[in-house]
There are 4 protein chains.
Amino acid sequence: MNNEVDLEKYQIRTDLAIDYIEEEKKLSGVNYETNTINDITITNVKLDSNNALGKKKGKYITLEFEDVTDSENASKVADALTKILKDLLKIDDQSFGIVIGLGNDKSTPDSLGPLVVNEIIVTNHLYLLSKLSSNYKRVAAISPGVMGETGIETSDIIESIVNKVKPTYLIVIDSLASKSIERLNKTIQITDTGIHPGSGIGNKRKEISEETIGIPVIAIGVPTVVDASVIVSDTINFIYKNYAFNKEYMKTPKSKLTFNNVNYLKHKIEENKEEKEFLLGVLGTLNDDELQKLIYEVLNPVGYNLMVTPKEIDFVIKKLSNIIAQSINNSIHDIDKIN
Amino acid sequence: MNNEVDLEKYQIRTDLAIDYIEEEKKLSGVNYETNTINDITITNVKLDSNNALGKKKGKYITLEFEDVTDSENASKVADALTKILKDLLKIDDQSFGIVIGLGNDKSTPDSLGPLVVNEIIVTNHLYLLSKLSSNYKRVAAISPGVMGETGIETSDIIESIVNKVKPTYLIVIDSLASKSIERLNKTIQITDTGIHPGSGIGNKRKEISEETIGIPVIAIGVPTVVDASVIVSDTINFIYKNYAFNKEYMKTPKSKLTFNNVNYLKHKIEENKEEKEFLLGVLGTLNDDELQKLIYEVLNPVGYNLMVTPKEIDFVIKKLSNIIAQSINNSIHDIDKIN
Amino acid sequence: MNNEVDLEKYQIRTDLAIDYIEEEKKLSGVNYETNTINDITITNVKLDSNNALGKKKGKYITLEFEDVTDSENASKVADALTKILKDLLKIDDQSFGIVIGLGNDKSTPDSLGPLVVNEIIVTNHLYLLSKLSSNYKRVAAISPGVMGETGIETSDIIESIVNKVKPTYLIVIDSLASKSIERLNKTIQITDTGIHPGSGIGNKRKEISEETIGIPVIAIGVPTVVDASVIVSDTINFIYKNYAFNKEYMKTPKSKLTFNNVNYLKHKIEENKEEKEFLLGVLGTLNDDELQKLIYEVLNPVGYNLMVTPKEIDFVIKKLSNIIAQSINNSIHDIDKIN
Amino acid sequence: MNNEVDLEKYQIRTDLAIDYIEEEKKLSGVNYETNTINDITITNVKLDSNNALGKKKGKYITLEFEDVTDSENASKVADALTKILKDLLKIDDQSFGIVIGLGNDKSTPDSLGPLVVNEIIVTNHLYLLSKLSSNYKRVAAISPGVMGETGIETSDIIESIVNKVKPTYLIVIDSLASKSIERLNKTIQITDTGIHPGSGIGNKRKEISEETIGIPVIAIGVPTVVDASVIVSDTINFIYKNYAFNKEYMKTPKSKLTFNNVNYLKHKIEENKEEKEFLLGVLGTLNDDELQKLIYEVLNPVGYNLMVTPKEIDFVIKKLSNIIAQSINNSIHDIDKIN
């Protein structure tokens, strides 16, 4: 049967470097370290050359955290992000940045970039009038819209403005797609490698990076949706894990009473190949990539254009955009606190 | 293995009568008829008594249609809905209705009700001042919010306003959850049985119906989300259907070239039990209900609170609310056309 | 000429007690005190009986402050408001409040109440499920809309919900009209006398007070618009003041150079009756009330329905609603800080 | 006294050609004609050379109409505007336009341009993929934001995009300031002379015209605010007109009863210089320009930054943007009807 399905035809979309890290760690030329501070896990990956997995050389920093709707947690994330941005940006008095919010402000999960831009403390017009206080550095900000709305390639808009206005660096914010439901709205990726083909929720196809436009491009991304195919493949795997967990742990009457409260994913489960095939048939013999490609192939001709988001997405996106805007403002300008 | 999973514990949520109709048709006491006019399929189900499937006696009318973002199609749907509402409401000079928009205006897929209310031509305050032209009938409209935002049981708000203001009928609009991805934003359900426990996207737990408040309650609902479990179970079934379709039709080199354009769901496929079990293992032996309950059980302890919506949901919800508001306005007031 | 204009026919609308205070101070039975703390002026007026100016007996507290778009200033105002609300509300474990946001969320200057309600930490539904942590008290919140949108008298909605849900107190937030441009968005009025006929930007005609609904009603109001007639009468007065100021101070070539930077309103100017009449004709002989009534009479038949707001109203309203919501949350719940 | 006030220092802002037309008509080299069709007054002014009043040579077309919240009236205005745009644009298969929405989408009266852009049927990206049906022409659309938000000169953004994307014409939509309250939201100005210094509500200081960017620039503007100084000077004039009207017509007891219903502005009133000075003093001796400049001078040092808008501005702006977007879509694309 496998012969009839060409699993190489489809590319499941993810934009998150960390989705590849497990595999990348095994490659030579990959330096990484992981620290957990204040309940936030920070992973630094440094690729010295464009690598075997098709990723560009450069720094990939990933913040992983829990619920940002908790205000205490939110300010921890903002502090960590501010520190990372300060290190990457190395702002001085000659610095002039444009903050670019990619995405569609009319589609909630894709509105992260425009929402961040709304809260950036913009100063370039005051600088031009020599009215800028020394605590503030030179910053502009723009949301170029998405091609489906403007009819113009987004990278063309950005490039032409960069050529005209001549900033010294860009910060680009975008909503990302993830291959993993667990990371949804709980990860921020920062990279100095810019924006690449296929990145983001929409179709932003041209690269925006130091190589293409000649100035540093820091990209900040948050996975806010997963493709419908992801939840299907995740769940198929969970069906087996849940079964195996129950078989191993749910042997006593007492344990059955606590059943519903147990997150079986947090338990180590030995995989039994035969059992998995018994439960899931041929599906159980596919690896993650094969399974996702199969699902994509199955859903594609039916014409579904679905996304999976948390039910509280409207609220979470606002909180995340607050955190990112505040961090950008604090890392550029010389201010103690901006509400 | 089946013994360890109690499939009766979970109730997959759907609010759409038509999801049950196939089963209901087989029951005695169910009268139904289906007509297709102007590309719109209208199904009338009449239950003479509360039936075996737990649904209340009354009329259930379902409009099924294609893309409402096409303006020509949208006006066909509005015409059909206007006619249905006129028949149900039987407005005269003594009629006084309140249009109630259930749902959360801050969560896109749940905002249908409040968006409709925004466009209702409200006249009650003019009636009270004797300033109402004879073309208009007496109407009020309110969006009571959701309990998570107000802290008050929504049905309590509605009941207390009804008792004070004394309308002669209610029209209640709500976003629904569906068991079927195909029906998402492509179905409007109208019923004279009111709103029931578990209906709607949120938790609106008390019944609002002629029995509880003493006046006719027409409920208009549109499925705007499906639970994440639905897309998983649908896809697992599709995996088999796609496989079976390919096996049957994809035998010639030429047919393989057209592969990607074929919606295999539109083809009749004979189910082969052994093949399905080979492909899907034990999963392949479960019926739809068993499969969805299994998936719900598997996702629930992991704490996912996910919804599946079309990527263009923001735009579609606006169009649907236009159509419903226009239909309500036209069915109540004596006007030829309202933009 | 005066005979032909009946200045008693029109009542220029203001909702701000402090607009009357100068006059009220002269009345017996009025106790007041003014303190300035942290750049915020707090005026406490206590009327022991319904007074000659038609105001109800009770407490009127007015906060006057500068620009709330400055975050430091905003948090000073929030602290002062929190303290005032704590004193008035005297929350204990039996307290159960409903926060009511009056006004129209679709008209920016009238959207203060609904915006505040959006940010209230609502707990009543958790209390009913016995899930309320001891730090939180029982609160619900609702935005009943405006009569032009709902067709229902707003006070009827509030009364019927109060009767059903049985809170022990209400907090009502509303946008107000002011007679003074200087107070626009720079004053918060808190009173325990509730909401009264003619208050607010819209037409909310029935009283909501302890007398009418039997529980304490704290009203919080901010002047966000002035009637167009106000800016006309203010400016006519300013024309004279500016003239008199220039005549007195602008005598040297040097002073003329600084002309544009001088806010003449901050200088004491002796009024010269003859000069004023020379400059403004009969207009110059009218007192403030007569002038406003004349202007209202002149604008009314022309059919103008205009309002005057600051150009940055959208931004200021958001800041003010943050401050008020945060103060309400802090004065009710036992929390140190809510962002 | 006049000597102390330099009336030439201040330029009251208006962007509406028709505000000057009365004066322009008297100039040689001005061709104009006025037609009233379907309750809409259309004035065509053609300047053959840059004229004495500082306006550029070109066509100025003004639509004057009543309430667009009436849907029948709205569609008459859309029909007239469509016809005008078709004549000016002369679209053919080589045409490629960019629709540019100037203004701030976060400030209601300034949001006209961005709201129009949201509704433009954009096709350029489909054209680039050769997917464009022959009924549609090549169009892109963008809202570049305002300098206060982006920090970038708006004309720089537009110029750089034009240079990159190479359209054959621009349509620029903007909210305007008016010198006349009567024209507020009741006038659309179309011109082929582009956008000029000082135009629009914000500070868009550089010209965008065929001369500066080399392609035709059609500007569509609607006056949505008047400066506070305008309502003051209008009202001062009205005070006299109202007085004179009352003196002339209100002589019988019966006429006094109907007083409030009479719009005195619609009656011809002979001006009596002495009487006006008696009533208004020196104010009564100033002409319109002198009066507005005086008022501006008086309000400026007090730091007021106020605007005057109709109370229903949020609703009216939506209707106007619908009309303009529909007219642009219909004049470019070959479609019968777009909702």
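Just above sits the structure.
Residues numbered from 1 in each chain as written. Chains lettered and ligands numbered in written order. Predicted model: local features only at pLDDT ≥ 70, side-chain atom pairs only at ≥ 80, totals over all residues. Heavy atoms only, no water.

Colleague: Explanation requested: the interface of chain C and chain B in the structure shown.
Modeller: Many analyses report the size of an interface as the accessible area lost when the parts associate. Across the contact, 23 residues belong to chain C and 23 residues belong to chain B. Counting each side, the surface lost to burial between chain C and chain B is near 2,000 Å², with a carbon and sulfur contribution of 63%. If you sort the residues of chain C by the area they bury against chain B, His 125, Ile 152 and Lys 164 of chain C come out on top, with a joint share of 24%. For the pair chain C and chain B, the number of links is two salt bridges. For the interface between chain C and chain B, the tally reads ten residue pairs in polar contact (both at pLDDT 80 or more). Examining the composition of the side of chain C that touches chain B, we find that seven residues originate from one element, helix H6 (residues 154-165) of chain C, more than from any other. Classifying every residue of the side of chain C that touches chain B gives eleven nonpolar, seven polar and five charged. (Contact = heavy atoms within 4.5 Å. Buried area = accessible area lost by both parts, 1.4 Å probe. Salt bridge = Lys/Arg side-chain N within 4 Å of Asp/Glu carboxyl O. Polar contact = N/O pair within 3.5 Å; in protein donor to acceptor, adjacent residues only side chain to side chain. Helix = DSSP H or I, 4+ residues; strand = E, 2+ residues; numbered from the N terminus. Nonpolar A, V, L, I, M, F, W, Y, C, P; charged D, E, K, R; others polar.)

Colleague: Please clarify how the relation of the copies chain C and chain B should be interpreted in this entry.
Modeller: Relating one copy of the chain to the other requires a rotation about an axis plus a shift along that axis. Overlaying chain C with chain B gives an RMSD of 0.1 Å, the required rotation being 180° about an axis along which the chain moves by 0.0 Å. Here the two chains are linked by the operation of a two-fold rotation axis. If distances are taken from each C-alpha of chain C to the rotation axis, the shortest is found for Ser 160 of chain C, at 2.6 Å. Looking at the interface residues of chain C, 100% of them are also at the interface in chain B, so both copies use one shared face. (Least-squares fit on C-alpha atoms with pLDDT ≥ 70 in both.)

Colleague: It is not clear to me how the pairing of strand E5 (residues 138-142) of chain A should be interpreted in this structure. Could you clarify?
Modeller: Each regular strand displays side chains that alternate between the two surfaces of the sheet. Residue and element names in this part refer to chain A. Most of E5 is tucked away: four of the five residues are buried. Note that strand E4 (residues 96-101) and E5 share five bridges and pair parallel. Across the sheet, residue Gly 97 finds its bridge partner in E5, namely Val 139. (Buried < 20%, exposed > 50% of the residue type's maximum accessible area, 1.4 Å probe, protein only. Pairing = 2+ DSSP bridges.)

Colleague: I would appreciate a short explanation of a negative patch on the surface in the present structure.
Modeller: A cluster of acidic side chains, namely Asp 67, Asp 70, Glu 72 and Glu 312 of chain A, defines a negative patch on the protein surface. Judged by relative accessible area, Asp 70 of chain A falls into the partly exposed class, the value being 38%. (Patch = residues over 30% accessible without salt bridge, like charges linked within 9 Å, V, L, I, M, F, W, Y side chains within 5 Å. Areas by Shrake-Rupley, 256 points an atom, 1.4 Å probe, with all protein chains shown as cover. Lys, Arg positive; Asp, Glu negative; His and termini not counted. Charge placed at Lys NZ, Arg CZ, Asp CG, Glu CD.)

Colleague: How should I be thinking about the interface of chain B and chain A in this particular structure?
Modeller: Taken together, the contact between chain B and chain A spans 53 residues of the former and 53 residues of the latter. Of the roughly 4,700 Å² buried between chain B and chain A on both sides combined, carbon and sulfur atoms contribute 64%. Summed over the shared surface of chain B and chain A, the result is zero salt bridges. Taken together, the links from chain B to chain A amount to nine residue pairs in polar contact (both at pLDDT 80 or more). Contributions of two or more residues to the side of chain B that touches chain A are made by helix H8 (228-249), helix H10 (273-280), helix H11 (288-299), strand E9 (306-310) and helix H12 (313-332) of chain B. In terms of residue count, the dominant contributor to the side of chain B that touches chain A is H8 of chain B (eleven residues).

Interpretation in functional terms is not warranted from these geometric data alone.
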